[in-house]
Amino acid sequence: MNDASHANMPSPAPATWQTLAHAPLPGALLGHEDDVQDGQALMREIFANADSAQQQPFKILLLRSGTAIKAYANRCAHFGVPLAAKQEQLIFQPHTSITCNVHYARYRWSDGVCDRGECSGEALITIPVQVDAQGYIRIADAA
Ligand code: FES
């Protein structure tokens with residue numbers, strides 16, 4: 001299938017992070033704040049439990065701007081695939097935007113809304129996070 005045929009297919013149905021395949025539970029450890037440099041978008045793969053050999057990973061993006069850390073599912077709203085397969089292929093403008101490297105939909109850093117490209121008006125799926133006093137980043141409990 002070539003890129004032109006991808007562009008003509010409909011977007012996948014919206015989903016919350018909890019409904020995505022292989023989603024861990026609230027409280028799951030996503031990393032440490034020292035792992036993410038200021039202005040960096042960091043790809044991470046999380047396993048729902050310790051028996052990771054039997055599972056597929058849950059793919060996330062950690063974005064840091066100053067002391068603020070956000071997490072999005074690494075899933076483009078256009079086609080439901082990761083924005084990049086490898087960290088070195090991830091396209092982002094620090095503190096500003098992150099761009100899918102398949103058809104180049106661009107998402108705002110601040111809220112994950114797509115402001116240019118195939119999925120304009122849609123958004124990355126936000127994962128609520130909390131950083132504890134020791135700097136560990138975890139999925140926040142549901143409000
Ligand atoms: S898969 Fe088409 S822009 Fe991401």
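Residues numbered from 1 in each chain as written. Predicted model: local features only at pLDDT ≥ 70, side-chain atom pairs only at ≥ 80, totals over all residues.

1. A few points about the confidence of the model for the protein chain
So, point 1. Predicted confidence across the protein chain gives a mean pLDDT of 88, with 85% of residues reaching 70 or more.
So, point 2. Ignoring residues within four places in sequence, the model shows residues 1-6, a span with pLDDT below 50, making four contacts including any to other chains. (pLDDT = per-residue confidence, 0-100. Contact = placed C-beta atoms within 7 Å.)

2. A short note on the nonpolar core
So, point 1. Ranked by internal contacts, the top residues of the largest apolar core, which has 32 residues, are I60, L61, L62 and Y72.
So, point 2. Broken down by secondary-structure element, the contributors of at least two residues to this core are β2 (41-46), β3 (58-65), β4 (68-73) and β11 (136-139).
So, point 3. Setting aside its immediate chain neighbours within four residues, L61 contacts A41, L42, M43, A71, Y72, N74 and I98. (Core = buried A, V, L, I, M, F, W, Y, C linked by C-beta atoms within 7 Å. Buried ≥ 20, exposed ≤ 12 C-beta atoms within 10 Å, placed from the backbone. Helix = DSSP H or I, 4+ residues; strand = E, 2+ residues; numbered from the N terminus.)

3. Observations concerning the sheet that holds β2
So, point 1. A sheet is described by the order of its strands in space; here four strands give the open sequence β2-β3-β4-β9, paired in antiparallel fashion. Edge positions in the open sheet fall to β2 and β9 (126-127), since each of these has one partner strand only.
So, point 2. Taken together, the two bridges between β4 and β9 define a ladder with antiparallel strand orientation. Directly across from Y72, in β9, lies its bridge partner T126. (Pairing = 2+ DSSP bridges.)

4. What about unusual backbone geometry?
So, point 1. Phi angles above zero are rare outside glycine, and H22 is one such case at about 70°.
So, point 2. Mapped onto the elements of the fold, H22 is located in the loop between α1 (3-7) and β1 (29-32).
So, point 3. Accessibility expressed as a C-beta count within 10 Å gives 13 for H22, which makes it partly exposed.

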